[in-house]
Amino acid sequence: MTYQDVVHAARQYVEGTGSVEKTDEVFRSYMENPESYLKERADLLEKELMELYEKGEQRDYYFLSAMVQMVRSPRIHERLYRMLLSDESLSKETLYFVYCQMGRWEFVTRELQLHEFFELKDDLYEVIYQKFKNELTKTYDWIPAKERDEKLVFVLSSQVLNLNHGPTKMLFDRAYVLRKSLGKEVMIFNTAELLSPIGEISWFKATLGNYYDEFSKGKVVEFQDTKFPFFQFPQITPSIEMAEILLETIWKMKPWCVVTIGGNSILSDLCALEIPVLTLPTVYSGRAICRSQFQMIGGSEKEHDNEWLGKHHLTNDHFVKEVFTFTFKPQSNTYTRKELGLPEDGMITIACSGRLNEEADEQFMRFVKKLAENGIYTAFAGGFSKLAHYADTDPLMKEYCIDLGYQTDMMGVYECCDVYLNPYRSGGGCSAAEALSKGLPALSMNYGDAGVSVGDDFHFADYEAMVKEAVRLKEDPAYYHMKSEQAKVRAALLTDSARAFSSIMHAIEKRAAFQ
């Protein structure tokens, strides 16, 4: 699919002679080509598409959403936000649907990871939150600490899957600490808000959250040696009905507090009308969008934090700084390199993510090629269909790059590799911690969750510096051993959840907003 095909399909769509389905097919095919994001081509395509857009409907959200993704345009992304903030025709459910879709783009697209978009996203969330709050059918008053059950804590997540899913592992890990280290009774709720289909409109490459229907049948979930009461909402949230069920449950049972995994949860933030809510961001390198009394931050405070606190009439007590910790899915396999299809000799670096098609961009792949030029292999785990393009067009990449596909036991895979690679991305914290625990030195810039996880010993200024470090690790066994030991020490800190999360809970219990 060529640039000209995209323009032609867009013109037909705007003129009304091309269907959404046919347009969608052309746009998707174009995006499969890694070279579609070359800056010169993207700038030209943005200009032509915007000229076509101006001739059509001025609130065509499908067309704008396609433009943002095809050309990764901050200008169009901002335009979308401002349209949404001024569009009074959209329901609160549709606003929330679009809010989540745009947030996912920002998570996986480097060009959209700008502070101004966080502020616009926060403004849009405030509109949605206030719409839900104002439509509650009754007033929910604050329950003072002396009237709450100090032994009972509700733990909420907007999505619960399996232990291959980082936020789900985080959920059970924190629930386990609450039970085993702090002696709390814990009830777990899946609010099912993450990328919910509620309010869905025509949207390019809309992503819907996974939802396990079978979880709705059970009332108990097991983690390690412990069972927890578990309740899963139907995937029609956020809704006033589900919000009031949760708020009424809190009013009757009066738990000590709510711990919620991830921000952007309307239901969790409405709980803060009655009792203290602690938000544990899943993207902990940044600030969560939430309306809770407290949130944990795992990275350094940002220059805009005080501005945001003032905007929402909060004090510094809102933030609780602590090391973000992990629990790993237990290793169940021991592999050989041959079994995984890896070269039996030579240094192997590994990049792991379920979003490699977005995160392993042109810059990262140029870095991977430089590794290949120095005789260093790179394995990709998690699904990377675009690797075929690089292998087909470059013999060196075909020889030195290996697609491992989706792996169910990454701890076993890491044992067969030598160095962990982190693309410039927002996420990746758990995969980085797992690799460190296996003694893999990491190569990362100081950005995103993985950048926070690996720590200062494994931060580099740019990809060029990472190439030099990889070559040194390959050629100097003593240096490699020293860095491997540093990785294990860092991993020990990242897995001490009992200490870190207990510290957070003790800290918030002393603060005024908890009372």
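See the structure above.
Residues numbered from 1 in each chain as written. Predicted model: local features only at pLDDT ≥ 70, side-chain atom pairs only at ≥ 80, totals over all residues. Heavy atoms only, no water.

Counting 79 residues, the largest nonpolar core has Phe 27 and Met 70 as its most contacted members. It is helix H4 (residues 61-71) that contributes the most residues to this core, nine residues altogether. Dropping the residues within four chain positions of it, Phe 27 is found in contact with Val 6, Ala 9, Ala 10, Tyr 62, Phe 63, Ala 66, Met 70 and Phe 204. (Core = buried A, V, L, I, M, F, W, Y, C linked by side-chain atoms within 4.5 Å. Buried < 20%, exposed > 50% of the residue type's maximum accessible area, 1.4 Å probe, protein only. Helix = DSSP H or I, 4+ residues; strand = E, 2+ residues; numbered from the N terminus. Contact = heavy atoms within 4.5 Å.)

An order of E11-E10-E9-E12-E13 is seen for the five strands of this open sheet, with the pairing classed as parallel. A single partner strand is all that each edge strand has here, and the edge strands are strand E11 (401-405) and strand E13 (442-443). Inspection of the sheet shows strand E12 (residues 419-421) paired to E13 by two bridges, in the parallel sense. Among the inter-strand pairings, Tyr 420 is bridged to a residue of E13, identified as Ala 442. (Pairing = 2+ DSSP bridges.)

Let's shift gears to helix H1 (residues 3-15). With 13 residues, H1 should cover 18 Å at 1.5 Å per step; its first-to-last C-alpha distance of 19 Å lies within 8% of that length. Within the sequence span of H1, burial applies to Tyr 3, Val 6, Val 7, Ala 9, Ala 10 and Tyr 13. Looking straight down H1, one finds its buried side chains confined to an arc of 165°; they lie on one side. More than 90 degrees from the buried face of H1, the exposed residues found are Gln 4 and Glu 15. Just downstream of H1 lies Gly 16, where phi reads positive at about 85°. (Expected span 1.5 Å × (residues − 1). Arc of directions from axis to C-beta.)

Turning our eyes to something else, we now look at the pairing of strand E4 (residues 226-232). Alternating positions in E4 separate cleanly, Thr 226, Phe 228, Phe 230 and Gln 232 being buried on one face and Lys 227, Pro 229 and Phe 231 remaining unburied on the opposite face. Pairing of strand E3 (residues 220-223) with E4, which is carried by four bridges, proceeds in the antiparallel orientation. From the neighbouring strand, Val 221 faces E4, where its bridge partner is Phe 228.

In this structure the tally under the stated criterion is zero disulfides. Residue Cys 257 stays outside any disulfide, its sulfur separated by 11 Å from that of Cys 271, the closest cysteine. For Cys 257, a relative accessible area of 1% puts it in the buried group. (Disulfide = S-S within 2.5 Å.)

It is worth spelling out the pairing of strand E6 (residues 277-280) at this point. Judged by which residues are buried, E6 turns out to be covered on both faces: Val 277 and Thr 279 on one side and Leu 278 and Leu 280 on the other are all buried. As paired strands, strand E5 (residues 255-261) and E6 are joined by four bridges and run parallel to one another. Looking at E6, one finds that Ile 261 is bridged to Leu 280. Note that the unit made of E5, helix H10 (residues 266-271) and E6 has a crossover that is right-handed. In terms of strand pairing, E6 meets strand E7 (residues 294-297) through two bridges, oriented parallel. By the bridge assignment for E7, Thr 279 is matched with Gln 295. (Right-handed = clockwise from strand over helix to strand, strands pointing away.)

Here we come to the pattern of salt bridges. Applying the stated rule across the entire model yields 28 salt bridges. Across the pair Lys 47 and Glu 51 runs a salt bridge whose closest N-O atoms are separated by 2.9 Å. Of this pair, Lys 47 and Glu 51 are both found in helix H3 (residues 39-55), four residues apart, which corresponds to roughly one turn of the helix. For Glu 51, a relative accessible area of 42% puts it in the partly exposed group. Between Lys 370 and Glu 464 there is a salt bridge whose closest N-O contact spans 2.8 Å. (Salt bridge = Lys/Arg side-chain N within 4 Å of Asp/Glu carboxyl O.)

What follows deals with unusual backbone geometry. Here the bond from Thr 237 into Pro 238 is cis, since omega is 0°, no more than 30 degrees from zero. Here Pro 238 is to be found in the loop between E4 and helix H9 (240-253). Backbone geometry places Leu 195, a non-glycine residue, at a positive phi of 50°. A positive phi angle is found at His 313, which is not glycine, with a value near 55°. We classify His 313 as exposed; its relative accessible area is 75%.

This part covers the packing of helix H14 (residues 362-373) against helix H20 (residues 463-475). Direction vectors running N to C along H14 and H20 enclose 25°, while the axes themselves pass 10 Å from each other. Taken together, the axes of H14 and H20 lie roughly parallel to each other. Note that H14 runs across H20; the crossing there is right-handed. Where H14 approaches H20, its residues Gln 363, Phe 364, Phe 367, Lys 370 and Leu 371 are matched on the opposing element by Tyr 463, Glu 464, Met 466, Val 467 and Ala 470. Residues of the contact of H14 with H20, tallied by class, amount to seven nonpolar, one polar and two charged. (Axes fitted to C-alpha atoms, helices over the stretch in contact; angles between N-to-C directions. Parallel < 35°, antiparallel > 145°, perpendicular 65-115°, else oblique. Left-handed = near helix turned anticlockwise from the far one by under 90°. Nonpolar A, V, L, I, M, F, W, Y, C, P; charged D, E, K, R; others polar.)

For the structure on display, the rule yields 25 aromatic pairs. With a centroid separation of 5.5 Å and an interplanar angle of 20°, the aromatic rings of Trp 105 and Trp 203 are classed as stacked. Of the two residues, Trp 105 is situated in helix H6 (residues 92-108) and Trp 203 in the loop between strand E2 (185-190) and E3; the sequence distance between them amounts to 98 residues. Just as Trp 105 is buried, Trp 203 falls in that class too. Within the aromatic cluster, the residues linked to one another by ring pairs are Tyr 13, Phe 27, Tyr 53, Tyr 62, Phe 63 and Phe 204. The ring of Tyr 99 carries Lys 121 above its face, with NZ or CZ at 5.3 Å from the centroid. (Phe/Tyr/Trp six-rings, centres within 6.5 Å; stacked < 30°, edge-to-face > 60°. Lys NZ or Arg CZ within 6 Å of the ring centre and 35° of its normal.)

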